[in-house]
Structure formats: structure tokens, C-alpha cells
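Letter by letter, the chains look like this.
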Amino acid sequence: MSEIFYKEAVRDALREEMLRDERVFLLGLDIGRFGGTYKATQGLWEEFGGERVRDTPLSEAAIAGCAVGAAMTGLRPVAEIMYIDFTTIAMDQIVNQAAKLGYMSGGQARIPVVFRTQEGAGRSSAAQHAQSLEAWFAHIPGLKVALPATPGDAKGLLKTAVRDDAPVMFIEHKLLYNTRGEVPEGEYTIPFGEARICREGSDVTVVALSRMVLRALEAADRLAGEGIRVEVIDPRTIVPLDIDTIVASVEKTGRLVVAHEAYTRCGFGAEIAAQVMERALYSLEKPLKRVCGKNLPVPFAPVMENFVIPGADDIVRAVKELL
Amino acid sequence: MPEAPPLVAAERAAHPLPADLLKGLHRTMLRIRRFEERAVELFLTQELPGFLHSYLGQEASAAGVCAALRRDDYITSTHRGHGHVIAKGLQLDRMMAELYGRTTGYCKGKGGSMHIADFSRGILGANGIVGGGIPIAVGAALSAKMRRSGQVVATFFGDGASSQGAFHEAANLASCWTLPILFVCENNQYAVSTHCGAQMRIPDVALRGASYGFPGIKVDGNDPVAVYLVTSDAVERARAGGGPTLIETKTYKWLGHYVGDPGAYRPKEEVAGWKANDPLPRYERYLIERGVMGEAEIEAVRGEVHAEVEAAVEFARSSPLPRPEDALEDFYA
Ligand SMILES: Cc1ncc(C[n+]2csc(CCOP(=O)(O)OP(=O)(O)O)c2C)c(N)n1
Ligand SMILES: [Mg+2]
């Protein structure tokens, strides 16, 4: 094991996959010599050159569409959309083209494209740079969706994403790039659809996404001091979703909190809740709780931003209310 | 390679422009300069949250364009928008308060540096989505035309934004409907780290006007008088029903993309060359040579602007922070 930054984990995964398979290439805004806005591609342009680490004009629809076309014709592009908020401009290519063409061509097309992007609040970036939009993509049949919370998961899941023959939305978190964590030595991948039980516990299940995993663990630590044992689960990919692990945990604890930064309404927490109720309604001792972003645009001023994005306190409170 | 029409030399002001106008341009540039210098300091000492995209070096562009607009004309702005909205008449104190995230800011702390708007001044908003404001401006121009209000619209955007599909669609639509709009491309040479030469294979964005069937004019964006003259012509044409104009102001952003980006991708000589072409001293020399202003008067204006900016900082610092629950206000859905 070695400890590295999340941004290094992303870079290492890209690098290893580019070395392994010459069809893999990168395209996006300022990913070359500049190394990406969050420095997740630093050094790759120097190593692989501008043919395989391609800076593009400021044209998200063209970035996404070009990646789809290249993927349909034998390459394996990783397209970076700088902020998930800007996928709006690329949406036709992601939703109507990448997600559909394989199917509509009767299986002729394989579209092995990865759309790398990042989401999340916490930097006073205001409402057009702080959203968490994973549920939009999870809604679309034909897209896989990964949300790594740790460097180890970022590396292992990204390598899997690159090797997958389906389009993958790979969603990083802007406040995780400079977090550190352990990464196994040598070659490894992490399969999609396998949740990680980050901490075992028997009183309450907390299912958290992306950076909220760290907050859930913080909450669990604090609650442990009061003798409350929280089980924290990170699904890691929401399409495919490892509902079995979540249901098994709920059957054990009888209590569920779902936590993410994305807006509560129609957030992915609602899908998890629905699936748990379909499978394990009678295991729930109390109605489940969602600790999610308020249904508001993310405001600029830090005091208001903190108010709309949940934190460890909110998870602690929700857990206690369930006991 | 086709050449865009030549620079409009400031000398075209042979029939002299009114002194008030020339002095106004100067004061506007100074207000932008001082506001931006101060904002950068405050950002670096972490008094200001969020991102800051500095307009330092580009002052003549906003000043020249907005001086040719009426108070009720519209603009849309960008992530690098402080200069545009100052030139369109905003007060520095309420702007600074917005940068501080205070309740007295133009957007009550909900928008911040990248989203300043004041509809009462025709400012339909800065925008965090590159190219996002351009189609909105076309809509405002359509509305002005349908309401026969005589208003025109200036939409500011960068060289990078001209690669967005939204620009193409908006320009074409504005042309089809002969709308009263000015597409003002501020070519500061870079989109983040990407030089404009890597974003397009023509020397000037202005050349693209031809493909939409309206004039495309490039102008020295560090010369406020040249920018003003080109803009006035375009405004006149737009008001008279002549349709859109694309104006490309050639300029340079002094700092990196955002405050904190050292801008290492730029050759040192390039940065030095553009700094030597600082629009402010250059224009001050012009004013002095023409006898419009003397040294003493210029110095006095500097003092006033300095005090205005300090007062703005004081205003912002002493303004109340929003309450967390204020996030729930101004919201309808
Ligand atoms: C749709 C979209 N893509 C990317 C970004 C990130 N971004 C912000 S500013 C910028 C560069 C803009 O360049 P330009 O239009 O030349 O304006 P400048 O910053 O030079 O003033 C980029 C890529 C964004 N805000 N919106
Ligand atoms: Mg630019």
C-alpha cells in the first residue's frame, strides 16, 4: 500500500491504461500542459504527447461528440468535461447519442467512452459550478455511473471504466482531489456494482455518495463515542447499483439514512429508498431519512452554501432521530 | 488568409469627441483598475471567497463599449465581468459587497463575483457558463425589437467562448432576424491555458461576421477611443434597424485565468509586451497631449477613485452577512 492524493490516483489510472492500450486517449479543456483544472492529468501530456492528450477548443458538445465518434470507430477516449455543470451543453451527445447508439444499431456499435467530470460544493463557486448531477445520468439507460470517494477507489474504478465497452460517467468530487488515501501496489481494478462497507455497525445504516462518505465516517466516529454503531456503505457505482449489500445491511440494522450533496428531490437517494422499500420495507423499524442537498440552487456566500449542503452534523442528527 | 478590416485608429476622432466623454472613459477605466487591484489583494488575503477572474489589462474594452450605450440598453457579461458592469454604471460598494457575500451586494450574496446582475441598469447578468449569455442577449434584442423600445444589446464574451456552439447559433439567429445586437468578443489571447491560435485557424474572430452576413470589425481593445468609435457606429446601425455587428477587441489579461493561476503557459516577453501597452498610461498621455486633462486633474481623479474603492471595501466589510436561512428566499420552485 502507498498513500497518494486522489488526483494522483486518477492520473495513475489514466497513465496505466494509456500504457496498456494505445487506443486509449484523452481530450478536454486545458488537460495538456496545464494538467487540468484540478491537476488530475498533470504530466501526461509530457509523457504521451499532444496526440494522445488533446487540448480542445472550448466546445463541450464537440468534446463529447468527438469522443462518441472516436469510440464507435475503434478508439477508447476519455473525455474530460471540466465541471459536471457543463455537461448540460454536451447533453445531447451523452444522453441521445452515447447512451443510445449501441442499442439502436442493434448492437453493432460499441461505445467505450468515459466522460470524466467532477461535481460538488464547498468552494463558494455559486450555482453554476457546485451542483451534483449524478442522478440525471443514472436515470438514462445506457450509461454507467461511478462516484469514487477515495484514491483507492478512484484508481481501481477508473481503470475498470476505461476497459468497459459501455459509456461511463466517471464523476469525481472537486474537494476530494487533495485528499490522500491508500492505494494497493501494482495492478488492480475494482469491479462496478460492488459496494464497499466502509465501516461495520449494527444500529443504523448510512449509505453515502462521493464526498458524503467522508462525512458519514466522521459522523460515525462521533456517534461511536456515544456507543452508537453506524454502518457506512459507499455504493461506489450507482449504475450498476449493489442493492444487495444495502438491503442486507438494512435487514441487520433496521434503520437507514441516505446521504448525498445532490438536491434531495429526485436525487439518487430517492432511488435507493424506493429499492430498499421494495425489498425490505418490513425490516425498517422507522421511516428512512434522506440527508441531502436542499432543493435550492447552491448560493455563493459561505454561510448560505453551508446551509444548503449537508454535513456530518446533519448525519449525526438523522441517526439519532432514528434511534 | 483573408484579412479583417483594419484597426480603427483613435485618430479618427478628428472631429473631436466631447471632453466629458473622454474624461468619462478615463474615470471608468480607473475605477475598474482600482477595483480589480483591490479585489485581487483581498482575494489573496482570503477575505473574498470563491473564484476571482481579474479584468486587469482589459479596462479600455469595457469602458469604450459601454460609453456608447444608453442607460437602458442591455448587456450580458461573463465570468470576467467586473469591468463590464462597472462600465455599465454599477456602484462599487454594492459590487464589493457581493464579492464579500454580504446582504447588501447586488445579488444579496447569492451570486458572487461571477454572477453580478442589475436589471435596472440593463445588466442581465454575468455568467459562469462560457457562452451562456450570448443566446440570452439575442432574446433581449428580439424583445427590444418587438417592443419597439429602441434599445440595443451588447453581449460580451471571450475568444474561448467563440468556440461554443451557442455563439454560432445565436449569431445566425440574430442575423436572420436582423436584431439590434453587438457581439463583443474580447480577445485577451487565452482561454485558461489555451492560446487563441490553438482554438481557431483564422487570425481574427472578427472574420466570422462574414459567415453570418454582418460586419465583423477588429479593434485595438486597449484604446478606449477606438473601441468607443467602432461601438458607436455599430449601435447606430443597430438602432436604425441595420442588424448585428461583431466587434473583436484585441486585448490581454494581465493575470492568469483566475487569481492564483500563475499563468506559466504564457511567454514572459508576451506578458511584458502587453503590460508595456498598459491602456491607462497610454490613454492618459493621449488626454494630456490633446489638452483634455492635465496631470493635476488626472491625479485628482486617481485620488477620488482610490477613496471610492476604499469606501466600497469598508461598506462591504461592515455590511451584514446573510443568515443561513436567507438561502431559502428569492426562490419559487
Ligand atoms: C461551458 C463552460 N465550459 C468551461 C468553463 C470553464 N471555463 C471558465 S472560463 C474558461 C475560459 C474562457 O475563455 P474566454 O472565453 O477566452 O474568456 P477569458 O477567461 O479569457 O476572459 C473556461 C474554460 C465554463 N465556465 N463553462
Ligand atoms: Mg480569453
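Residues numbered from 1 in each chain as written. Chains lettered and ligands numbered in written order. Predicted model: local features only at pLDDT ≥ 70, side-chain atom pairs only at ≥ 80, totals over all residues. Heavy atoms only, no water.

### Quick word on the domain arrangement of chain A
Residue and element names in this part refer to chain A. Worth spelling out the cut-off: In this document the domain limits rely on a domain assignment from an automatic tool or a database. What gets called buried area is simply the loss in accessible area from a 1.4 Å probe that two parts show on being joined, summed for both. Here, a salt bridge means any Lys or Arg side-chain nitrogen found within 4 Å of an Asp or Glu carboxyl oxygen.
In terms of domain boundaries, chain A breaks down into domain 1 (2-183) and domain 2 (196-322). Measuring from the centre of the C-alpha atoms in domain 1 to the corresponding centre in domain 2 gives 26 Å. Here domain 1 packs against domain 2, burying approximately 2,100 Å² in sum over the two surfaces, 60% of which is carbon and sulfur. The tally of links between domain 1 and domain 2 comes to two salt bridges. Between Asp-153 and Arg-236 there is a salt bridge, with the nearest N and O atoms lying 2.9 Å from each other.

### Here's the deal with the environment of Ala-71 of chain A
Residues and elements named next belong to chain A. Selection criterion: Counting from the N terminus, the helices are the DSSP runs of H or I reaching at least four residues and the strands are the DSSP runs of E reaching at least two. Type-normalised accessible area, obtained with a 1.4 Å probe on protein chains alone, sets the label of each residue: buried when under 20%, exposed when over 50%, and partly exposed for intermediate values.
Along the polypeptide, Ala-71 turns up in helix H3 (residues 60-72). The class for Ala-71 is buried, based on a relative accessible area of 3%. In this structure the C-alpha to C-alpha distance between Ala-71 and Ala-216, which are 145 residues apart in sequence, comes to 37 Å.

### Quick look at empty space enclosed by the protein
Residues and elements named next belong to chain B. Rule in force here: We place a 1 Å grid over just the protein atoms. Points where a 1.4 Å probe fits but has no way out form a cavity, open points with protein on both sides within 12 Å along at least 5 of 7 lines form a pocket, and any residue with an atom within 4 Å of a point lines it. Grid points are joined across faces, edges and corners, and a volume is the space filled by probe spheres set on the points. For this classification, Asp, Glu, Lys and Arg are treated as charged, while Ala, Val, Leu, Ile, Met, Phe, Trp, Tyr, Cys and Pro are nonpolar and the rest, including Gly, are polar.
Considering all chains together, one arrives at five cavities of 30 Å³ or more under this definition. Of the volumes computed, that of the largest cavity is approximately 570 Å³. Counting residues per element, the ones that place at least two in the lining of the largest cavity are helix H5 (133-146), strand S2 (153-158) and strand S4 (190-191). Looking at the lining of the largest cavity residue by residue, the classes come out as 18 nonpolar, 22 polar and six charged.

### Digging into the site of ligand 1
Inclusion rule: To be near a molecule or strand, a residue needs just one of its heavy atoms within 4 Å of it. Areas reported as accessible are Shrake-Rupley estimates using a 1.4 Å probe. Residue values count occlusion only from the protein chains shown.
Around ligand 1 sit 23 residues, and of these Glu-60 of chain A together with His-79, Arg-80, Gly-128 and Lys-253 of chain B come closest. Protein chains bury 97% of the 580 Å² of accessible surface belonging to ligand 1 in isolation. Residue classes in the shell around ligand 1 are distributed as eleven nonpolar, eight polar and four charged.

### Thoughts on the layout of surface pockets
Residues and elements named next belong to chain A. Of the voids in this model, the largest pocket is the one considered here, and its volume is about 440 Å³. Among the residues forming the lining of the largest pocket, the class breakdown is ten nonpolar, three polar and four charged. Mapped onto the domain boundaries, the lining of the largest pocket takes at least three residues apiece from domain 1 (2-183) and domain 2 (196-322). For the lining of the second largest pocket, the residue count by class is nine nonpolar, four polar and five charged.

### Remarks on the nonpolar core
What counts, and what does not: To define a nonpolar core, start from buried Ala, Val, Leu, Ile, Met, Phe, Trp, Tyr and Cys residues and group those joined through side-chain atoms within 4.5 Å. Whether two residues touch is decided by their heavy atoms; if any such pair falls within 4.5 Å, the residues are in contact.
The biggest cluster of nonpolar side chains holds 89 residues, and the ones touching the most others in it are Phe-115, Phe-137, Leu-158 and Ile-246 of chain A. Counting only domains with at least three residues in this core, you end up with domain 1 (2-183) and domain 2 (196-322) of chain A. When residues no more than four places from it in sequence are discounted, the contact partners of Ile-246 of chain A are Val-207, Ile-233, Leu-241, Ile-272 and Val-276 of chain A. Of all hydrophobic cores here, the second largest spans 75 residues; its members include Cys-66, Ala-238, Tyr-265 and Tyr-286 of chain B.

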